[in-house]
Amino acid sequence: NMTTQTQPVFGRSASRFVRRVIDFIRPRPRYLPLTVDDILKSEKSRNIVDSFNDLYYSGGTARSLNWRGSEMIKSPCDLWVMVEIMQSLSPSVIVETGTHRGGSASFFADIARLMNLSCRVITVDPNPKWSFEPETKGISSVVGYSTDPATFKKVENEVRAQLRQVPGPVIVLLDSDHSEANVTAELKLYSRLVSVGSYLIVEDTNVNGHPSFAAHGPGPWEAVQAFLSHSSDFVVDAECQRFLLTLNPGGWLKRVSQADGPVDFEP
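Now for the packing of aromatic side chains. Note on aromatic pairs: each is described by the distance of the centres and the angle between the planes. Evaluated as defined, the whole model comprises 6 aromatic pairs. Here the aromatic rings of W67 and F107 are separated by 4.9 Å at their centres, their planes lie at 85 degrees, and the arrangement is edge-to-face. With W67 in strand β1 (residues 66–67) and F107 in helix α5 (residues 103–114), this pair connects stretches of sequence that are 40 residues apart. For W67, a relative accessible area of 25% corresponds to the partly exposed category.

What follows is the structure, given as structure tokens:
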């Protein structure tokens, strides 16, 4: 005959009690958050980050984002960083090159209104595709090529007029033609509008293999590298990439000084 041996009930209870005591006195594992630099220093981690960013961008997911019906080719993580920058700086002006369908301009204007900011959004494009009247949201739509001196003068005058009424930080986002030549020209012009402590955000630095669309050719990434090599006024703020999904790697530029002689916006 076969007999089944079972552990006494007392033995099982004692075993569970001992495990609970051990779990109670055992040191808890410490949560040590990694910085963006920590993560990207690891080749394995960097490859994962790059692969997912490329999948998001090249796979077309970026085009599925919209704000109140207007398409935005953005990362939600990048938009959230912008929200945090707006919370921190309370900008008086946000200048954007590349209007597209007005989604991002509308987003910035709506968020500014939600934060009770007196912020003017100025967006530049030779062919904006508005589905609403931008002035109803306090958006200035400047029609023209961003690097045309006459167009830039209009933007400059709009910035001056706003700062006379509401002094405060100026944020600039460059998101028009992504060729290196165009972004270089935009950097030379629009960087002068950015106030110290504020941001110049160069979008889509991920193209030309950084890590997406390797066949694109030199673009925003290369323009930024050249710009930083000649300017001590701006530094890359890696913390703006802490959510890891970004279309603007190395493109979050914070103004730390005005040694290069910014445009004087004193009234």
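Turning our eyes to something else, we now look at the confidence of the model for the chain. Per-residue confidence for the chain averages 90 on the pLDDT scale, and 87% of its residues sit at or above 70. Here residues 262–267 is modelled with pLDDT under 50, and outside its nearest four sequence neighbours on either side it reaches 13 contacts, counting other chains as well.

Their axes nearest at 8 Å, the elements helix α7 (residues 180–190) and helix α8 (residues 220–230) cross at an angle of 40 degrees. Comparing the axis directions of α7 and α8 gives the class oblique. α8 is crossed by α7, and the crossing has right-handed handedness. Seen from α7, the contacting residues are E180, V183, T184 and L187; seen from α8, they are P220, E222, A223, V224 and F227. Here the contact of α7 with α8 is composed, by residue class, of 6 nonpolar, 1 polar and 2 charged.

Here the focus is the pattern of salt bridges. Counted by the stated rule, this structure contains 12 salt bridges. A salt bridge links D110 to K137; its shortest N-O distance comes to 3.0 Å. Taken together, the residues D110 in helix α5 and K137 in the loop between β4 (120–125) and β5 (139–143) connect sequence positions 27 residues apart. K137 shares its class with D110; the two are buried. One salt bridge connects E156 with K153, and the closest N-O pair in it is separated by 3.3 Å. A residue pair is termed a helical-turn pair when its members lie 3 or 4 positions apart in one helix, as E156 and K153 do in helix α6 (residues 149–165) at 3 residues. Residue E156 is classed as buried on the basis of its relative accessible area, which comes to 8%. A relative accessible area of 42% means that K153 is categorised as partly exposed.

Definitions and cut-offs
- Residues numbered from 1 in each chain as written.
- Predicted model: local features only at pLDDT ≥ 70, side-chain atom pairs only at ≥ 80, totals over all residues.
- Heavy atoms only, no water.
- Phe/Tyr/Trp six-rings, centres within 6.5 Å; stacked < 30°, edge-to-face > 60°.
- Helix = DSSP H or I, 4+ residues; strand = E, 2+ residues; numbered from the N terminus.
- Buried < 20%, exposed > 50% of the residue type's maximum accessible area, 1.4 Å probe, protein only.
- pLDDT = per-residue confidence, 0-100.
- Contact = heavy atoms within 4.5 Å.
- Axes fitted to C-alpha atoms, helices over the stretch in contact; angles between N-to-C directions.
- Parallel < 35°, antiparallel > 145°, perpendicular 65-115°, else oblique.
- Left-handed = near helix turned anticlockwise from the far one by under 90°.
- Nonpolar A, V, L, I, M, F, W, Y, C, P; charged D, E, K, R; others polar.
- Salt bridge = Lys/Arg side-chain N within 4 Å of Asp/Glu carboxyl O.

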